[in-house]
Amino acid sequence: MNRFKNQTALVTAAASGVGRGVALRLALEGAKVTVWDRDTAKLDDLSGEVAAAGLPVTAEVVDMTDGDAVVDAVARMADRNGRIDVLVNNIGGSLHTPFHFLEQSDEDWARVMDVNVSACVRTTRAVLPHMIEAGYGRIINMGSKAGRFGSLFAGANYSASKGAMQAFTLQIAQEFGPHGITCNTLCPGAIITERVERLLAERQSAEERARVLESIPVRRHGRVEDVAAAIAYLASEEAGFVNGASLDLNGGQAMVI
Ligand SMILES: NC(=O)c1ccc[n+]([C@@H]2O[C@H](COP(=O)([O-])OP(=O)(O)OC[C@H]3O[C@@H](n4cnc5c(N)ncnc54)[C@H](O)[C@@H]3O)[C@@H](O)[C@H]2O)c1
(Lines give C-alpha, C1' and ligand atoms only; values in the text may rest on other atoms or scores of the structure.)
Protein backbone atom coordinates (compact mmCIF):
# COMPACT_ATOMS: atom_id res chain seq x y z
CA MET A 1 0.00 0.00 0.00
CA ASN A 2 1.15 3.51 -0.75
CA ARG A 3 -1.63 5.50 0.86
CA PHE A 4 0.64 8.30 2.06
CA LYS A 5 2.72 8.90 -1.06
CA ASN A 6 3.66 12.61 -1.22
CA GLN A 7 2.32 13.15 2.29
CA THR A 8 4.06 14.08 5.52
CA ALA A 9 3.19 12.96 9.02
CA LEU A 10 4.18 14.03 12.51
CA VAL A 11 4.02 11.40 15.25
CA THR A 12 4.78 12.76 18.70
CA ALA A 13 6.65 10.94 21.49
CA ALA A 14 7.31 8.09 19.11
CA ALA A 15 10.88 6.86 19.62
CA SER A 16 9.47 3.83 21.41
CA GLY A 17 6.21 2.14 22.36
CA VAL A 18 3.03 2.49 20.35
CA GLY A 19 4.14 5.66 18.55
CA ARG A 20 7.20 3.99 17.10
CA GLY A 21 5.05 1.33 15.46
CA VAL A 22 2.70 3.99 14.12
CA ALA A 23 5.57 6.04 12.68
CA LEU A 24 7.09 2.99 10.97
CA ARG A 25 3.72 1.97 9.52
CA LEU A 26 3.05 5.42 8.04
CA ALA A 27 6.58 5.50 6.61
CA LEU A 28 6.17 2.01 5.13
CA GLU A 29 3.02 3.30 3.45
CA GLY A 30 4.92 6.15 1.81
CA ALA A 31 4.74 9.10 4.24
CA LYS A 32 7.69 11.29 5.08
CA VAL A 33 7.51 11.00 8.84
CA THR A 34 8.83 13.23 11.58
CA VAL A 35 9.17 11.69 15.03
CA TRP A 36 9.67 13.71 18.19
CA ASP A 37 10.83 12.34 21.50
CA ARG A 38 12.84 13.58 24.45
CA ASP A 39 14.83 10.36 24.79
CA THR A 40 18.01 10.73 22.74
CA ALA A 41 19.12 7.10 23.06
CA LYS A 42 15.77 5.77 21.84
CA LEU A 43 15.78 8.29 18.96
CA ASP A 44 19.28 7.13 17.94
CA ASP A 45 18.04 3.55 17.97
CA LEU A 46 15.06 4.49 15.78
CA SER A 47 17.30 6.46 13.40
CA GLY A 48 19.51 3.38 13.01
CA GLU A 49 16.51 1.17 12.23
CA VAL A 50 14.96 3.51 9.66
CA ALA A 51 18.32 4.17 7.98
CA ALA A 52 18.88 0.44 7.61
CA ALA A 53 15.38 0.01 6.19
CA GLY A 54 15.67 3.05 3.91
CA LEU A 55 12.58 4.68 5.40
CA PRO A 56 12.05 8.47 5.23
CA VAL A 57 11.85 9.19 8.96
CA THR A 58 13.36 12.26 10.63
CA ALA A 59 13.90 11.85 14.36
CA GLU A 60 14.17 14.99 16.48
CA VAL A 61 14.79 15.61 20.16
CA VAL A 62 11.85 17.61 21.48
CA ASP A 63 10.74 17.80 25.10
CA MET A 64 7.03 18.37 24.61
CA THR A 65 6.52 19.89 28.03
CA ASP A 66 8.39 22.89 26.60
CA GLY A 67 5.86 24.93 24.59
CA ASP A 68 8.50 26.94 22.70
CA ALA A 69 10.33 23.76 21.68
CA VAL A 70 7.07 22.41 20.20
CA VAL A 71 6.40 25.59 18.20
CA ASP A 72 10.00 25.65 16.88
CA ALA A 73 9.88 21.96 15.92
CA VAL A 74 6.63 22.41 13.97
CA ALA A 75 8.18 25.36 12.10
CA ARG A 76 11.26 23.24 11.25
CA MET A 77 9.06 20.43 9.96
CA ALA A 78 7.02 22.81 7.80
CA ASP A 79 10.23 24.33 6.38
CA ARG A 80 11.64 20.89 5.67
CA ASN A 81 8.55 19.34 4.10
CA GLY A 82 6.43 22.25 2.91
CA ARG A 83 3.26 20.79 4.45
CA ILE A 84 1.98 18.70 7.34
CA ASP A 85 -0.75 16.29 6.24
CA VAL A 86 -1.06 14.05 9.28
CA LEU A 87 -0.67 14.75 12.99
CA VAL A 88 -0.73 11.85 15.43
CA ASN A 89 -0.95 13.28 18.94
CA ASN A 90 0.55 10.19 20.51
CA ILE A 91 2.18 11.67 23.59
CA GLY A 92 0.58 10.58 26.84
CA GLY A 93 0.52 8.11 29.64
CA SER A 94 -0.26 7.76 33.33
CA LEU A 95 3.39 8.49 34.25
CA HIS A 96 3.39 5.82 36.92
CA THR A 97 1.19 7.97 39.17
CA PRO A 98 -0.87 6.04 41.78
CA PHE A 99 -3.82 3.96 40.64
CA HIS A 100 -6.02 4.90 43.61
CA PHE A 101 -7.64 8.32 43.36
CA LEU A 102 -7.18 9.14 47.06
CA GLU A 103 -3.44 8.58 46.70
CA GLN A 104 -3.12 11.01 43.80
CA SER A 105 -1.70 14.47 44.52
CA ASP A 106 -2.29 17.77 42.72
CA GLU A 107 1.12 17.26 41.14
CA ASP A 108 0.09 13.82 39.84
CA TRP A 109 -2.90 15.49 38.18
CA ALA A 110 -0.91 18.42 36.79
CA ARG A 111 1.80 16.24 35.22
CA VAL A 112 -0.66 13.83 33.64
CA MET A 113 -2.87 16.61 32.28
CA ASP A 114 0.23 18.36 30.93
CA VAL A 115 1.44 15.47 28.75
CA ASN A 116 -1.94 14.01 27.78
CA VAL A 117 -3.77 17.25 27.12
CA SER A 118 -1.66 20.43 27.10
CA ALA A 119 1.19 18.98 25.02
CA CYS A 120 -1.35 17.82 22.39
CA VAL A 121 -3.19 21.14 22.46
CA ARG A 122 0.08 23.06 21.89
CA THR A 123 1.09 20.78 19.02
CA THR A 124 -2.34 20.98 17.39
CA ARG A 125 -2.36 24.78 17.67
CA ALA A 126 1.04 24.97 15.95
CA VAL A 127 0.18 22.46 13.19
CA LEU A 128 -3.34 23.61 12.27
CA PRO A 129 -2.34 26.80 10.37
CA HIS A 130 -0.29 24.63 7.97
CA MET A 131 -3.24 22.28 7.42
CA ILE A 132 -5.63 25.20 6.90
CA GLU A 133 -3.28 26.68 4.31
CA ALA A 134 -3.21 23.35 2.45
CA GLY A 135 -6.98 22.81 2.85
CA TYR A 136 -6.26 19.28 4.07
CA GLY A 137 -5.36 17.51 7.29
CA ARG A 138 -5.83 14.44 9.41
CA ILE A 139 -5.47 14.73 13.18
CA ILE A 140 -5.59 11.60 15.29
CA ASN A 141 -5.61 11.96 19.05
CA MET A 142 -4.51 9.06 21.17
CA GLY A 143 -7.31 8.42 23.61
CA SER A 144 -7.76 5.26 25.63
CA LYS A 145 -10.33 2.78 26.79
CA ALA A 146 -9.68 4.52 30.12
CA GLY A 147 -11.32 7.73 28.86
CA ARG A 148 -14.47 5.90 27.78
CA PHE A 149 -14.93 3.12 30.30
CA GLY A 150 -12.36 3.70 33.10
CA SER A 151 -9.15 1.74 33.51
CA LEU A 152 -8.19 -1.39 35.43
CA PHE A 153 -4.59 -0.22 35.94
CA ALA A 154 -4.31 3.56 35.36
CA GLY A 155 -5.96 6.10 37.66
CA ALA A 156 -8.59 8.84 37.54
CA ASN A 157 -6.13 11.51 36.39
CA TYR A 158 -5.32 9.46 33.30
CA SER A 159 -8.96 8.61 32.52
CA ALA A 160 -9.98 12.26 32.91
CA SER A 161 -7.16 13.44 30.64
CA LYS A 162 -8.18 11.02 27.90
CA GLY A 163 -11.84 12.04 28.25
CA ALA A 164 -10.69 15.63 27.80
CA MET A 165 -8.95 14.65 24.56
CA GLN A 166 -12.18 13.14 23.26
CA ALA A 167 -14.06 16.37 23.95
CA PHE A 168 -11.20 18.35 22.39
CA THR A 169 -11.50 16.11 19.32
CA LEU A 170 -15.20 16.94 18.87
CA GLN A 171 -14.58 20.66 18.92
CA ILE A 172 -11.60 20.52 16.54
CA ALA A 173 -13.59 18.24 14.21
CA GLN A 174 -16.45 20.74 14.15
CA GLU A 175 -14.37 23.88 13.83
CA PHE A 176 -11.89 22.71 11.19
CA GLY A 177 -13.94 20.24 9.13
CA PRO A 178 -14.80 23.04 6.67
CA HIS A 179 -11.05 23.33 5.93
CA GLY A 180 -10.77 19.70 4.83
CA ILE A 181 -9.35 18.68 8.19
CA THR A 182 -10.69 15.73 10.16
CA CYS A 183 -9.99 14.97 13.80
CA ASN A 184 -10.67 11.65 15.52
CA THR A 185 -9.69 9.82 18.69
CA LEU A 186 -8.43 6.27 18.85
CA CYS A 187 -9.28 4.58 22.15
CA PRO A 188 -7.15 1.45 22.68
CA GLY A 189 -7.41 -0.98 25.55
CA ALA A 190 -4.15 -2.33 26.97
CA ILE A 191 -1.54 -2.56 24.24
CA ILE A 192 1.31 -4.77 25.20
CA THR A 193 4.58 -2.86 25.16
CA GLU A 194 7.52 -3.39 27.55
CA ARG A 195 6.23 -0.59 29.78
CA VAL A 196 2.65 -1.89 29.93
CA GLU A 197 3.92 -5.41 30.55
CA ARG A 198 5.81 -4.10 33.61
CA LEU A 199 2.81 -2.05 34.81
CA LEU A 200 0.41 -5.00 34.50
CA ALA A 201 2.86 -7.27 36.33
CA GLU A 202 3.05 -4.69 39.14
CA ARG A 203 -0.64 -3.86 39.43
CA GLN A 204 -2.42 -7.14 38.66
CA SER A 205 -1.91 -10.64 40.04
CA ALA A 206 -1.57 -13.58 37.65
CA GLU A 207 -5.19 -14.53 38.50
CA GLU A 208 -6.46 -11.02 37.79
CA ARG A 209 -4.60 -10.97 34.49
CA ALA A 210 -6.12 -14.31 33.50
CA ARG A 211 -9.59 -12.99 34.45
CA VAL A 212 -9.10 -9.85 32.38
CA LEU A 213 -8.06 -11.89 29.36
CA GLU A 214 -11.20 -14.04 29.78
CA SER A 215 -13.25 -10.82 29.64
CA ILE A 216 -11.85 -9.87 26.23
CA PRO A 217 -13.94 -11.60 23.55
CA VAL A 218 -10.95 -12.02 21.21
CA ARG A 219 -8.96 -13.47 24.16
CA ARG A 220 -5.86 -11.36 23.74
CA HIS A 221 -4.50 -7.93 24.56
CA GLY A 222 -3.81 -5.38 21.85
CA ARG A 223 -0.63 -5.20 19.82
CA VAL A 224 1.22 -2.16 18.55
CA GLU A 225 0.36 -3.35 15.02
CA ASP A 226 -3.37 -3.11 15.85
CA VAL A 227 -2.95 0.55 16.76
CA ALA A 228 -0.77 1.28 13.73
CA ALA A 229 -3.34 -0.22 11.35
CA ALA A 230 -6.23 1.77 12.87
CA ILE A 231 -4.29 5.02 12.82
CA ALA A 232 -3.17 4.44 9.25
CA TYR A 233 -6.84 4.19 8.29
CA LEU A 234 -7.93 7.32 10.19
CA ALA A 235 -4.94 9.18 8.72
CA SER A 236 -5.71 8.17 5.15
CA GLU A 237 -7.55 10.22 2.54
CA GLU A 238 -10.22 7.51 2.28
CA ALA A 239 -11.28 8.19 5.89
CA GLY A 240 -12.39 11.70 4.91
CA PHE A 241 -15.99 11.24 6.10
CA VAL A 242 -14.93 9.95 9.54
CA ASN A 243 -14.79 13.06 11.72
CA GLY A 244 -15.19 13.53 15.46
CA ALA A 245 -15.27 9.79 16.08
CA SER A 246 -13.94 7.87 19.07
CA LEU A 247 -12.84 4.53 17.69
CA ASP A 248 -12.69 1.74 20.27
CA LEU A 249 -9.82 -0.71 19.80
CA ASN A 250 -10.16 -3.16 22.64
CA GLY A 251 -11.06 -6.59 21.26
CA GLY A 252 -14.62 -6.09 22.48
CA GLN A 253 -13.59 -5.79 26.14
CA ALA A 254 -15.91 -2.79 26.44
CA MET A 255 -18.68 -2.12 23.95
CA VAL A 256 -21.43 0.47 23.50
CA ILE A 257 -24.27 0.70 21.02
N1 LIG B 1 0.27 1.18 25.76
C2 LIG B 1 -1.03 1.09 26.07
O3 LIG B 1 -1.52 0.12 26.61
C4 LIG B 1 -1.94 2.24 25.72
C5 LIG B 1 -3.34 2.03 25.78
C6 LIG B 1 -4.19 3.08 25.46
C7 LIG B 1 -3.65 4.32 25.12
N8 LIG B 1 -2.30 4.48 25.08
C9 LIG B 1 -1.80 5.79 24.71
O10 LIG B 1 -0.93 5.65 23.61
C11 LIG B 1 0.11 6.64 23.68
C12 LIG B 1 1.47 5.98 23.64
O13 LIG B 1 1.56 5.08 24.72
P14 LIG B 1 2.87 4.21 25.01
O15 LIG B 1 2.43 3.15 25.96
O16 LIG B 1 3.53 3.84 23.75
O17 LIG B 1 3.78 5.32 25.77
P18 LIG B 1 5.22 5.21 26.45
O19 LIG B 1 5.12 5.56 27.88
O20 LIG B 1 5.83 3.91 26.09
O21 LIG B 1 5.99 6.47 25.84
C22 LIG B 1 6.31 6.62 24.50
C23 LIG B 1 7.38 7.71 24.35
O24 LIG B 1 7.03 8.98 24.94
C25 LIG B 1 8.25 9.67 25.15
N26 LIG B 1 8.03 10.85 26.01
C27 LIG B 1 7.60 10.87 27.28
N28 LIG B 1 7.53 12.15 27.71
C29 LIG B 1 7.93 12.96 26.70
C30 LIG B 1 8.06 14.37 26.53
N31 LIG B 1 7.81 15.22 27.53
N32 LIG B 1 8.46 14.86 25.33
C33 LIG B 1 8.74 14.01 24.30
N34 LIG B 1 8.65 12.65 24.41
C35 LIG B 1 8.24 12.13 25.59
C36 LIG B 1 9.09 8.59 25.80
O37 LIG B 1 10.49 8.91 25.76
C38 LIG B 1 8.74 7.36 24.97
O39 LIG B 1 9.66 7.14 23.92
C40 LIG B 1 -0.17 7.45 24.95
O41 LIG B 1 -0.96 8.56 24.65
C42 LIG B 1 -0.96 6.45 25.79
O43 LIG B 1 -1.76 7.10 26.75
C44 LIG B 1 -1.43 3.48 25.36
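Computed from a predicted model, the values in this text were never measured in an experiment.

The rules behind each value
- Residues numbered from 1 in each chain as written.
- Predicted model: local features only at pLDDT ≥ 70, side-chain atom pairs only at ≥ 80, totals over all residues.
- Heavy atoms only, no water.
- Pairing = 2+ DSSP bridges.
- Helix = DSSP H or I, 4+ residues; strand = E, 2+ residues; numbered from the N terminus.
- Axes fitted to C-alpha atoms, helices over the stretch in contact; angles between N-to-C directions.
- Contact = heavy atoms within 4.5 Å.
- Near = heavy atom within 4 Å.
- Polar contact = N/O pair within 3.5 Å; in protein donor to acceptor, adjacent residues only side chain to side chain.
- Nonpolar A, V, L, I, M, F, W, Y, C, P; charged D, E, K, R; others polar.

Looking at this structure, how should I read the sheet that holds strand 3 (residues 57–61)?
Strand pairing in a sheet is mediated by backbone hydrogen bonds. Such pairs are either parallel or antiparallel. Sheet architecture is open: 7 strands sit in the order 3-2-1-4-5-6-7, paired in parallel fashion. The sheet is open, and its two edges are formed by strand 3 and strand 7 (246–249), each paired on a single side. Adjacent strand axes in the sheet meet at a mean angle of 20° when their direction is disregarded. As paired elements, strand 4 (residues 86–89) and strand 5 (residues 137–142) share 4 bridges and run parallel to each other. From the neighbouring strand, Asn89 faces strand 5, where its bridge partner is Asn141. Strand contacts of helix 3 (residues 67–81): strand 1 (8–11), strand 2 (32–37) and strand 3, with the helix running at about 165° to strand 2, the strand carrying the most contacts.

It is not clear to me how the site of the ligand should be interpreted in this structure. Could you clarify?
Of all residues adjacent to the ligand, which total 27 residues, the nearest are Ser16, Asp37, Asn90, Tyr158 and Arg195. The backbone of Val18 places a nitrogen or oxygen atom 2.8 Å from an oxygen atom of the ligand. A distance of 3.4 Å is found between an oxygen atom of the ligand and a backbone nitrogen or oxygen belonging to Ile91. Taken together, the residues of the shell around the ligand break down into 11 nonpolar, 9 polar and 7 charged.

Would you explain the environment of Ile172 in this entry?
Tracing the backbone shows Ile172 in helix 6 (residues 156–176). When the C-alpha positions of Ile172 and Asn184 are compared, they lie 9.0 Å apart, and in sequence the two are 12 residues distant. Setting aside residues no more than four positions away along its own chain, Ile172 makes contact with Leu128, Ile139, Gly177 and Cys183.

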